[in-house]
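Structure assessment
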Amino acid sequence: MKRIIFFMLLPLLALGAQEASLQDAEELAEDESGVTAAGGEPRSATSAEGTSELLLQISSLPELKLSFTERFKFPFLQGESPLTADNNIGLALTAEISPISLNGLAEAVWTPIAFFQLAAGGRMGTGWNLELFGSEIYGIGLNRPNAASMAEHSGSAFDGLLWKVQTGAALQADLAAVFPGDWNHVVARSYHEINYKGYTRAGTGESWYFEADDGENCNGFNYYGNFLIGYQMPIFFNMVALLTEMDLFLYDTPGREKWGDNKIRWTFSGLFMFTITKQIDLAVIAQFWTRKNYQESNWQDLYYRNRTIDNSNPFHLEFYRVAAALTYKF
């Protein structure tokens, strides 16, 4: 589980939140209040658009991350019908930093028709490890069963790179497209992707940590999917939504059924979005996730591959975190 010592947050916030460790805070909704340029005039349907945003993410674990994103939208194969009038290719370039990691991300999204999107992207990053108040915090490193120290797990800082490539597709809908009206925005979106994640220091079948997770990653393919349904409003309280996420390791580690490596991991979130000003948005997320039940009473003392999942009752649901994401758009 990703945990950062609370006392780290005070000096980091005083320094302008230059470091962080909250994972995967996504933009789950877009502003549908009318597309205008900075001067208030309607944007041209044939010109490229660019925006910049600064995103600060914190959570109750506690965690913290700061990122800067440049977004570009290029009109592409636009038509005359409502389904194709806004066809475009969107590009996002992001740099992010946390107390234990540094990452660069890129993603391209093609909208060939209003209710469908295709996406492709990737990331590259590295990390370092911290030992504070007797707690070991792994930004990146190998998860070895008999390692007695942090150095045996990780080596030195920046001695390996994490990289990821992904491709996915999304279906989306908005009730207001059928029944126009500012108060008719019942929205739904479902996204599914296949990705490959790798750590350059890890050999075949070796496990590794990234950003203080459970350390059960291996180089290989993974599946990620989500489903969101929400209600968007033209007021300060901009949106409320429910989000379901699922993750699954697709690599075939020998014996993975024993410790439950072949099972889907679920996260359930309640999302609340607020429009503070035209430039500032706030999202608050309350999350629960599934955790494995093991047969061993001392499972926490065992290397994860030496645990035995209880197949008669493999999961329980528990509180994960409350997170907040503050976005400033330039």
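For the structure given in this document, a descriptive report is provided here. Please read all numbers here as calculations on a predicted model, not as lab measurements. (Residues numbered from 1 in each chain as written. Predicted model: local features only at pLDDT ≥ 70, side-chain atom pairs only at ≥ 80, totals over all residues. Heavy atoms only, no water.)

1. As for the overall build of the protein chain
Put simply, the rule is: We count a stretch as a helix when DSSP gives it H or I for four or more residues in a row; a strand needs E for two or more, and each element gets its number in order from the N terminus. Summary of the burial criterion: residues with accessible area below 20% of their type's maximum are buried, those above 50% are exposed, and those between are partly exposed, where the area comes from a 1.4 Å probe applied to protein chains only. Here a residue-residue contact requires only that any non-hydrogen atoms of the pair lie within 4.5 Å. Accessible areas in this description were obtained via Shrake-Rupley with a 1.4 Å probe; residue shielding takes into account the shown protein chains only.
The secondary structure content of the protein chain amounts to three helices and 16 strands. For the protein chain, the proportion of its 330 residues judged to be buried stands at 42%. The long-range fraction of contacts in the protein chain, counting pairs at least 24 apart against all pairs at least 6 apart in sequence, stands at 60%. Entry remark: accessible area of the protein chain is about 17200 Å², with carbon and sulfur atoms responsible for 62%.

2. Some thoughts on unusual backbone geometry
Of note, the amide linkage connecting Leu61 to Pro62 takes the cis form, showing an omega dihedral of 0 degrees. Counting through the fold element by element, Pro62 comes out in the loop between strand S1 (49–59) and strand S2 (63–75). The phi torsion at Glu211 lies on the positive side, around 50 degrees, for a residue other than glycine. Within the secondary structure, Glu211 is located in the loop between strand S11 (208–210) and strand S12 (220–232). Residue Glu211 is classed as buried on the basis of its relative accessible area of 2%. Phi at Ala212 takes a positive value of approximately 60 degrees, unusual for a residue other than glycine. For Ala212, the position within the fold is in the loop between S11 and S12. Judged by relative accessible area, which is 8%, Ala212 ranks as buried.

3. Observations concerning the pattern of salt bridges
Side-chain pairs of opposite charge can arise whenever the charged atoms involved come near each other. Just so we agree on the cut-off: Salt-bridge detection follows one rule: a side-chain nitrogen of Lys or Arg within 4 Å of a carboxyl oxygen of Asp or Glu.
The final tally for this structure, using the stated rule, is 10 salt bridges. A salt bridge links Asp261 to Arg256; the shortest N-O distance between them is 3.8 Å. For Asp281, the salt bridge goes to Lys329, with nearest N and O atoms at 3.2 Å. In this pair, Asp281 sits in strand S15 (residues 280–292) while Lys329 sits in strand S16 (residues 315–329), placing the two residues 48 residues apart along the sequence. Taking the relative accessible area as the measure of exposure, Asp281 reaches 16% and is therefore buried. The class of Lys329 is partly exposed, set by a relative accessible area of 28%. If you follow the salt bridges from partner to partner, you end up with Lys65, Glu96, Arg123 and Glu211 in one network.

4. Considerations on the side chain of Glu216
Note on placement: Glu216 falls in the loop between S11 and S12. According to the relative accessible area criterion, Glu216 is buried, its value standing at 11%. When sequence neighbours within four positions are dropped, the list of residues in contact with Glu216 reads Trp208, Phe249, Tyr251, Lys292, Tyr294, Tyr304 and Arg307.

5. Quick notes on a nonpolar patch on the surface
Inclusion rule: Grouping into patches uses exposed residues only, defined as over 30% relative accessible area, and leaves out salt-bridged ones; the cut-off is 9 Å for like charges and 5 Å for nonpolar side chains (Val, Leu, Ile, Met, Phe, Trp, Tyr).
Where nonpolar side chains cluster on the molecular surface, the patch consists of Leu175, Val178, Phe179, Val186, Phe227, Ile229 and Leu242 and spans about 650 Å² of accessible area. For Leu175, the position within the fold is in the loop between strand S9 (162–174) and strand S10 (185–199).

6. So, the packing of aromatic side chains
Threshold: Here a pair means two rings of Phe, Tyr or Trp (six-membered ring of Trp) with centres within 6.5 Å. Their orientation is stacked below 30 degrees between planes, edge-to-face above 60, and tilted elsewhere. Geometrically, a charge over a ring is one whose NZ (Lys) or CZ (Arg) sits within 6 Å of the ring centre while staying within 35 degrees of the ring normal.
Per the stated rule, a full pass over the model turns up 17 aromatic pairs. With a centroid separation of 5.6 Å and an interplanar angle of 75 degrees, the aromatic rings of Phe288 and Phe319 are classed as edge-to-face. A residue pair is termed long-range when its members are at least 10 positions apart, and Phe288 in strand S15 and Phe319 in strand S16 qualify at 31 residues. For Phe288, a relative accessible area of 38% puts it in the partly exposed group. Of the residues examined, Phe319 reaches a relative accessible area of 43% and is grouped as partly exposed. Among the aromatic residues, ring-to-ring pairing joins Phe68, Tyr328 and Phe330 into one connected group. Just above the ring of Trp289 sits the side chain of Arg291; from NZ or CZ to the centre is 4.1 Å.

7. Some words on the sheet that holds strand S14 (residues 265–275)
What counts is decided by this rule: Here, any two strands with at least 2 DSSP bridges between them count as paired. For helices, the fitted line uses only the C-alpha atoms of the stretch in contact; every axis is such a line through C-alpha atoms, and the angle between N-to-C directions lies from 0 to 180 degrees.
Taken in spatial order, the 12 strands close into a barrel running S1-S2-S3-S4-S5-S9-S10-S12-S13-S14-S15-S16, and their pairing is antiparallel. Strand-to-strand twist in this sheet, taken as the mean axis angle between neighbours without regard to direction, amounts to 20 degrees.

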